[in-house]
Amino acid sequence: MPSSPASPSPINQALQPLPEAERSFGWRNHASLWFSLGVGLLVMQVGSFLMPALGLPQALLAIVGGSVIGAGLLAWTARIGCDSGLTSAGLMHATYGSAFARLPIVLNIVQLIGWTTFELVVMRDSSVAIARQAGWLAADGWTIAMTVFWGAVIVALLSGSMTRLVRRLISRAVLPLVVLSLLWLSWHFIDRAQQIGLSTLWERPGQGGLGVLPALDLVIAMPVSWLPLVADFARHGRRPGEALTGTWTGYAVANIWCYLLGVMVALTLPSADLVNALLLAQGGLIALSLLLIDEVDNAYGDAYSGSVSAHSLQPRWSIRRWGIALAAACTVLALFLPMHSLEPFLLTLSSVFVPLYGVILGRLGFGGDARQRLARPRRVDPSAVAIWVAGIALYHLTARWAPDWGSALPTLAVTFVLASLFRSPAGRAGVVAAR
């Protein structure tokens, strides 16, 4: 009997440039998406860590400077993703080679599973605290139910269209509610600051233990943590310039606002538990409920990007199928893992992506050859791999031996310069042609 023809290989959507006809994001979509992703309880919590080590002028300098720089790096990567139509996995393939890229892709999936699980824990704990404050819960027996509920919400969102979610739900519904909640909390804590005395708070010296450069590093850490995700969304943009300015504006404004709110909470209502501090604010129950809704898109963004990366490794499962599977797995993990104690591990794992994207920006940041590299990939690019590994070592050595200088900026600068200098002749030709 003649053998049946082999089934065709599935198309790897994560490693194919997205056709321009399928792109629908404009400036407003990029800005609203990244403003929404930039708002979060974790960002406010990290902002509160700046006090009382720094004085208010020093904290403001670190917040504005770190947000502009960090969001700029995020926006630059968004431009590359939009210009090439490639996902984050595609950019890794183009930079590091088709074989070696699997390692950073796997590490990215691991960190995204971790962060999705962490977001589910944050949403669960916040919703339980809100319900208890409102008098709806008298005991802690709803922890499992809240975990399963939020996990089911993420699964439901991943079952639909990502572009429709961003254009209709986030841009039109979620964003106005989040802005209103931030305005309400800002008004409340500025009023508390005025009662204490704005000049008193402004002139209060920092207690030390954290310099401006390490604080800048801490602020930059939040936008940098999104670097492995941004291209997965930016590739849906119609114009690279809109992806750049929309991402930069949206995320920088959100990051500055949330860090400043964290600082104001620490100055006016010190508490080890940010959620309880926000609940004590006038109208805090409503504002925190709206912020909790916004946490959903953070978990969704992590899970969606993880599903795109997983699809790049195993394209027989669609992005949607991978997303549902990852969200279900994260829900189970949220029930059993002590995620708050695992947060330092997740932050350490994130440190590998600072030099990873320093190399990607150095190789692809000036235009030209991302698609060409992916069309004719090397299995391994030795110089890119060597610079990345050296960058990881530099990151940790700087944190250990020169903590006053920070780690992220020096590592990004060194890996970017080295990757630019050691571009292949073909890569330089692509840049010249692009100009």
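Values in this document were obtained by computation on a predicted structure and should not be read as measured data.

J.: With reference to specific residues and values, describe the confidence of the model for the chain.
T.: When pLDDT is averaged across the chain, the result is 85; 86% of the residues are at 70 or more. Within the model, pLDDT remains below 50 along residues 1–6, and this stretch shows zero contacts once partners closer than five positions in the same chain are excluded. Taken together, the stretch residues 427–435 has pLDDT below 50 and engages in 13 contacts with residues farther than four places along the chain or on a different chain.

J.: Any details on the environment of Pro205? Residues and values, ideally.
T.: Relative to the elements of secondary structure, Pro205 occurs in the loop between helix 8 (198–203) and helix 9 (212–224). Taking C-alpha positions, Pro205 is 7.0 Å from Leu54, a pair spaced 151 residues apart along the chain.

J.: Tell me about the nonpolar core, and please be specific about residues and values.
T.: Counting residues in hydrophobic clusters, the biggest one holds 122 residues, and the most contacted among them are Trp34, Leu50, Tyr96, Leu182 and Leu278. If sequence neighbours within four positions are ignored, Tyr96 has contacts with Pro355, Leu356, Val359, Ile360, Arg379, Val380, Asp381, Ala384, Val385 and Trp388.

J.: Go over the packing of aromatic side chains, please, and point to the residues and values.
T.: Throughout the structure, instances matching the rule amount to 16 aromatic pairs. Relative to Trp322, the ring of Trp317 has its centre 4.9 Å away and its plane inclined at 50 degrees; by these criteria the two rings are tilted. For Trp317, a relative accessible area of 30% corresponds to the partly exposed category. Through a chain of ring-to-ring contacts, three or more aromatic side chains come together here, namely Trp34, Trp226, Phe233, Tyr251, Tyr300 and Tyr304. Positioned above the aromatic ring of Trp401 is the side chain of Arg400, whose terminal nitrogen or guanidinium carbon lies 5.2 Å from the ring centre.

J.: I'd like a description of helix 9, backed by residues and values.
T.: Along an α-helix, residues three or four apart share an orientation, since each turn contains 3.6 residues. Its 13 residues give helix 9 an end-to-end C-alpha distance of 18 Å, which sits within 8% of 18 Å, the value for a rise of 1.5 Å per residue. Within helix 9, burial applies to Pro214, Ala215, Leu216, Asp217, Val219, Ile220, Met222, Pro223 and Val224.

J.: Tell me about the side chain of Ser312, and please be specific about residues and values.
T.: On the secondary structure map, Ser312 appears in helix 13 (residues 284–313). According to the relative accessible area criterion, Ser312 is buried, its value standing at 4%. Side-chain polar atoms of Ser312 contact the backbone oxygen of Ser309, separated by 2.5 Å. Setting aside anything within four residues of it in sequence, one finds Ser312 in contact with Asn12, Ala14, Leu15, Ala89 and Ile105.

J.: How would you summarise the environment of Ile11 if you had to cite specific residues and measurements?
T.: The residue Ile11 is located in the segment before helix 1 (27–38) in this model. Assessed through its relative accessible area of 63%, Ile11 is described here as exposed. A C-alpha to C-alpha distance of 10.0 Å links Ile11 and His311, two positions 300 residues apart in sequence. When residues no more than four places from it in sequence are discounted, the contact partners of Ile11 are Gln16, His311 and Pro315.

J.: Summarise helix 3 (residues 56–84); cite the residues concerned and give the values.
T.: Here helix 3 spans 42 Å end to end across 29 residues, near enough to the 42 Å set by a 1.5 Å rise per residue. Phi for Gly85, located one or two positions after helix 3, is positive at around 75 degrees.

J.: Give me a positive patch on the surface: which residues, what numbers.
T.: A surface patch of positive charge is lined by Arg28, Arg164, Arg167, Arg168, Arg172, Arg238 and Arg320. Among the elements that take part in the positive patch, helix 7 (residues 162–196) stands out by supplying four residues, more than any other. One can find Arg172 in helix 7.

Cut-off values and rules
Residues numbered from 1 in each chain as written. Predicted model: local features only at pLDDT ≥ 70, side-chain atom pairs only at ≥ 80, totals over all residues. Heavy atoms only, no water. pLDDT = per-residue confidence, 0-100. Contact = heavy atoms within 4.5 Å. Helix = DSSP H or I, 4+ residues; strand = E, 2+ residues; numbered from the N terminus. Core = buried A, V, L, I, M, F, W, Y, C linked by side-chain atoms within 4.5 Å. Buried < 20%, exposed > 50% of the residue type's maximum accessible area, 1.4 Å probe, protein only. Phe/Tyr/Trp six-rings, centres within 6.5 Å; stacked < 30°, edge-to-face > 60°. Lys NZ or Arg CZ within 6 Å of the ring centre and 35° of its normal. Expected span 1.5 Å × (residues − 1). Polar contact = N/O pair within 3.5 Å; in protein donor to acceptor, adjacent residues only side chain to side chain. Patch = residues over 30% accessible without salt bridge, like charges linked within 9 Å, V, L, I, M, F, W, Y side chains within 5 Å. Areas by Shrake-Rupley, 256 points an atom, 1.4 Å probe, with all protein chains shown as cover. Salt bridge = Lys/Arg side-chain N within 4 Å of Asp/Glu carboxyl O. Lys, Arg positive; Asp, Glu negative; His and termini not counted. Charge placed at Lys NZ, Arg CZ, Asp CG, Glu CD.

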